[in-house]
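Residue-level structure breakdown
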Amino acid sequence: MAGRLSLPEIDLSCPICCEIFRDPVVLKCSHSFCAPCLQNYWTHRGRRRDCPLCRTQSLDDPVPSLTLKNLCESLIQDSEAAENAAGELYCDPGEICPAHGEKLKLFCLLDKQPICVVCHTSKKHKQHDCCPVSEAIVDAREKMRSALSSLQEKRDTFNKLKKSYEDTVEHIQFQAQFVERRTHEEFQKLHSFLQDEEDARIEELRQEEEQKRRRMREKIEEMERHITTVSASIGDLEEDMASEGISMLHKCKRTWASDDCPTVDPIPQGALIDVGKYVGSLLFHVWEKMLTIVKYTPVTLDPNTAAPWLVLSDDLTSVFDSDKKQKQPNNPERFDPDTAVLGREGFTSGKHTWDVNVGNNTAWVVGIAKESVQKKEKVSSVLNNGYLCVYFYHKMYFAGTSPLTRLSLKENPQRIRVLLDYEKGRLSFYNPKDNTHIYTFKHSITERVFPYFWVGCPQCPLTVEPVEMSVKAVEYS
């Protein structure tokens, strides 16, 4: 059987587009062209219908060439078949089994690796569950897509945490600057007080020194006058003593009459500076006097627990609500969204008391909170949730029992005194104005508790009142 003849591609190419003929047609001059190419050529030539190669005029319509069309289609099919065959012959080395040289068409589910058909019948993979490589690729791509999604979520989470850490670093820097400023201010007060106290004491010393030196100078001048008088008397007496006979006796009588010398007092008592007054226990007396400028509050508010809507005073003794949420790190200790703040120091034993000035605040809660209370959820500050508090809300007073206990007070207290007896499990509230009892919780306390403050009024703060202080020396009986 004779082989199929084939012409070079150049013989099957249109002279106009230089591509394999598409719908070839032939003119009377025997030149062939693609029907679309010839028609486009004639369109641009106007009414002239000449051959693009030999310029022979053609009055008749071009005739389709079926033979040429078949040859072109056969050439195209042969080219496609050759490309497919070449594609099948070439295979990526990674797709060939290194042990058997066969294409990897199966995926061993047990060993998690692609294998060939021969591998599937070998001892190593015999009776192992397998699936086609195409299915394994789909499953792997799905798992990779899931892993990618998970990694992207982790990356987003890490970016958020990184931003949170960066904000925390910025807040730490702000806190350090605030503490440094407040420390300078407070120590400046101490420096000013000590400098003023030193200047006052030195001035008092200078005045006493001048007063006592002036008094001694007066005594010295008095003594100089007495010395002058006595010296004159001595001269007269020595002159009289030089006389002889009756004359000396007459002069001696005069001397006896004038021999009344003024009496001279010794150094008076208290003439010296009272050194002990100035240097005796000097630091103690300065410290004692320092109480006029030093204040002590038994509870210091902890800004790290304050809700972002709360504003604390610089000395951390007052808190009030605001309408603007401040930029604060969302650390675990911070209340959010509840507008509350804790005292800095917690209690695990002993008796403790502090007064809270509530003034004309229209919404407040005062008491203690257990260390385990929820800070990231808005829950009512009642006993069941770990709080022992009294409320003032909607012009009514309540004790934070479950349910709330309505309290009847004769007057609205401006201050609330909180008394905690940890061992006895008692927390009492009083009006310190007349020591009127408000309410007492009797509840066993087994964990650390902190002073608790909730405020819902932006006009009037809650303020921890300072307590009176005294400096005493220990006396031995």
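Residues numbered from 1 in each chain as written. Predicted model: local features only at pLDDT ≥ 70, side-chain atom pairs only at ≥ 80, totals over all residues. Heavy atoms only, no water.

This is how the line gets drawn: UniProt positions are given in the numbering used here, feature names are shortened, and annotations may be inferred rather than shown by experiment.
The name given to the protein chain in an unreviewed UniProt entry is Tripartite motif-containing protein 35 Hemopoietic lineage switch protein 5, with the source organism recorded as Channa argus. Of the protein chain, the UniProt comment under Sequence similarities (unreviewed entry) reads exactly: "Belongs to the TRIM/RBCC family." Taken from UniProt, the Subcellular location (unreviewed entry) comment for the protein chain reads in full: "Cytoplasm".

1. Description of the overall build of the protein chain
Going by this rule: Secondary structure elements follow DSSP: runs of H or I no shorter than four residues count as helices, runs of E no shorter than two count as strands, and numbering proceeds from the N terminus. Each radius of gyration reported is based on C-alpha atoms, and the globular scaling rule is 2.2 Å times the count of residues to the power 0.38. For every residue, the accessible area obtained with a 1.4 Å probe (protein chains only) is divided by the maximum for its type, and the residue is called buried under 20%, exposed over 50%, and partly exposed between those limits. By definition, residues are in contact when any of their heavy atoms lie within 4.5 Å. Where accessible areas are quoted, they stem from the Shrake-Rupley method and a 1.4 Å probe; at the residue level, only the protein chains shown are allowed to cover. In this count, Lys and Arg are taken as positive residues and Asp and Glu as negative ones, while His and the chain termini are left out. Just so you know, the charge point we use is NZ for Lys, CZ for Arg, CG for Asp and CD for Glu.
Looking only at helices and strands, the protein chain has seven helices and 19 strands in total. Compactness check: the protein chain gives a C-alpha radius of gyration of 56 Å against a globular reference of 23 Å for 477 residues, more than 25% above the reference. Its C-alpha atoms put the protein chain at 200 × 75 × 65 Å along the principal axes. Counting over 477 residues, the protein chain shows a buried share of 29%. Expressed as a percentage of contacts within the protein chain between residues at least 6 apart in sequence, the contacts between residues at least 24 apart total 57%. Surface accessibility of the protein chain: about 33200 Å² in total, with carbon and sulfur atoms responsible for 55%. Between the mean site of the 62 positive side-chain charges and the mean site of the 71 negative ones, the protein chain shows a separation of 8 Å.

2. What to know about the pattern of salt bridges
Convention followed: The salt bridge definition used is simple: a Lys or Arg side-chain nitrogen within 4 Å of an Asp or Glu carboxyl oxygen.
Per the counting criterion, the structure on display carries 23 salt bridges. When the shortest N-O distance is used, the salt bridge between Arg417 and Asp355 registers 2.7 Å. Placement of the pair is Arg417 in strand S15 (residues 415-421) and Asp355 in strand S10 (residues 351-357), with a sequence separation of 62 residues. In this structure, a network of salt bridges that share partners links the residues Arg181, Arg182, Glu185, Glu186, Lys189 and Asp314.

3. Re the UniProt feature "domain: B30.2/SPRY" (unreviewed entry) in the protein chain
When the UniProt feature table is mapped to this numbering, "domain: B30.2/SPRY" (unreviewed entry) covers residues 279-471. In residues 279-471, helix accounts for 5% and strand for 35%; the two terminal C-alpha atoms are 18 Å from one another.

4. With respect to the domain arrangement of the protein chain
Stated precisely, the cut-off is as follows: Note that the domain bounds were set by an automatic or database domain assignment.
On domain assignment, one finds that the protein chain holds domain 1 (13-64), domain 2 (178-291) and domain 3 (310-465). A C-alpha centroid distance of 101 Å is found between domain 1 and domain 3.

5. A short note on the UniProt feature "coiled-coil region" (unreviewed entry) in the protein chain
Taking the UniProt record as the reference, the feature "coiled-coil region" (unreviewed entry) is found at residues 195-240. Taken end to end, residues 195-240 is 100% helix and 0% strand, and its first and last C-alpha atoms sit 66 Å apart.

6. Observations regarding the confidence of the model for the protein chain
For clarity, the cut-off: By definition, pLDDT measures how confident the predictor is in each residue, and it falls between 0 and 100.
Taken residue by residue, the protein chain gives an average pLDDT of 87. The fraction at 70 or more is 92%. Ignoring residues within four places in sequence, the model shows residues 1-6, a span with pLDDT below 50, making two contacts including any to other chains.

7. Some words on the sheet that holds strand S11 (residues 364-370)
We apply this condition: Being paired, for any two strands, means DSSP has found at least two bridges between them. Note on definitions: angles span 0 to 180 degrees between N-to-C directions of axes, and those axes are lines fitted to C-alpha atoms, for helices only across the stretch in contact.
Overall, antiparallel pairing links the six strands, which are arranged S9-S18-S11-S12-S13-S14 in an open sheet. At either margin of the open sheet sits one strand with a lone partner, and together these are strand S9 (340-342) and strand S14 (405-407). Each strand axis lies, on average, 25 degrees off the axis of its neighbour in the sheet, ignoring direction. As paired elements, strand S13 (residues 396-399) and S14 share three bridges and run antiparallel to each other. Residue pairing across strands places Tyr397 opposite Leu407, the latter belonging to S14.

8. Overview of a negative patch on the surface
Cut-off, in case you're wondering: For patch building, the residue pool is restricted to those with more than 30% relative accessible area and no salt bridge; the joining distance is 9 Å between like charges and 5 Å between nonpolar side chains (Val, Leu, Ile, Met, Phe, Trp, Tyr).
Among the surface-exposed residues, Asp196, Glu198, Asp199 and Glu203 lie close enough to one another that they form a single negatively charged patch. Tracing the backbone shows Glu198 in helix H4 (residues 133-241).

9. Let's talk about the environment of Phe178
Mapped onto the elements of the fold, Phe178 is located in helix H4. For Phe178 and Val379, which are 201 residues apart along the polypeptide, the C-alpha to C-alpha distance reads 32 Å.

10. Quick word on the packing of H4 against helix H7 (residues 282-290)
Formally: When describing relative orientation, an angle under 35 degrees is termed roughly parallel and one over 145 degrees roughly antiparallel, while 65 to 115 degrees is termed roughly perpendicular and anything else oblique. By definition, any crossing whose near helix is turned counterclockwise from its far helix by less than a right angle is left-handed, and any crossing with a clockwise turn is right-handed. Only Asp, Glu, Lys and Arg are considered charged in this grouping, and only Ala, Val, Leu, Ile, Met, Phe, Trp, Tyr, Cys and Pro are considered nonpolar; every other residue, Gly among them, is considered polar.
Here H4 crosses H7 at 120 degrees, and the two axes come no closer than 11 Å. One way to sum up the angle between H4 and H7 is to call them oblique. Of the two possible hands of crossing, H4 and H7 adopt the one that is right-handed. Across the interface between the two elements, Leu190, Phe193, Leu194, Glu197 and Arg201 of H4 pack against Leu282, His285, Val286, Lys289 and Met290 of H7. Classifying every residue of the contact of H4 with H7 by side-chain character gives six nonpolar, one polar and three charged.

11. Some thoughts on the nonpolar core
Spelled out, the test is: Nonpolar cores are built from buried Ala, Val, Leu, Ile, Met, Phe, Trp, Tyr and Cys residues. Side-chain atoms within 4.5 Å join them into one set.
Ranked by size, the top nonpolar core spans 52 residues in total, and within it Trp364, Tyr452, Phe453 and Leu462 carry the most contacts. Setting aside its immediate chain neighbours within four residues, Phe453 contacts Val299, Leu301, Thr339, Ala340, Val341, Gly343, Trp354, Val356, Val365, Leu462 and Val464. If you look at the next biggest cluster of nonpolar residues, it comprises 16 residues, including Leu12, Ile20, Cys37 and Leu75.

12. Points about the state of the cysteines
Using the following cut-off: Disulfides are defined as cysteine sulfur pairs within 2.5 Å.
Overall, the coordinates contain zero disulfides when judged by the stated rule. Left unpaired, Cys29 is separated from the closest cysteine sulfur, that of Cys51, by 3.6 Å. Sulfur of Cys54: no disulfide; nearest cysteine sulfur belongs to Cys51 and is 3.7 Å away. Residue class for Cys54 comes out partly exposed when judged on its relative accessible area of 32%.

13. Things to note about H4
The condition that has to hold: The length a helix should cover is 1.5 Å for every residue beyond the first.
Its 109 residues give H4 an end-to-end C-alpha distance of 153 Å, which sits within 8% of 162 Å, the value for a rise of 1.5 Å per residue. Restricting attention to buried positions, one finds in H4 the residues Ala136, His171, Arg182, Phe193, Glu197, Glu208, Lys212 and Asp240.

14. A word on the sheet that holds strand S5 (residues 113-115)
Ordered by their spatial adjacency, three strands build an open sheet running S5-S4-S6, and the pairing between neighbours is antiparallel. Each edge of the open sheet carries a strand with a single partner, namely S5 and strand S6 (130-132). Geometrically, the sheet is characterised by an average inter-axis angle of 35 degrees between neighbouring strands, direction not taken into account. For strand S4 (residues 106-108) and S6, the ladder comprises three bridges, and the chain directions are antiparallel. Its bridge partner being in S6, Cys108 is matched across the sheet by Cys130. Where H4 meets the sheet, its contacts fall on S4 and S6, and the angle it forms with S6 comes to roughly 90 degrees.

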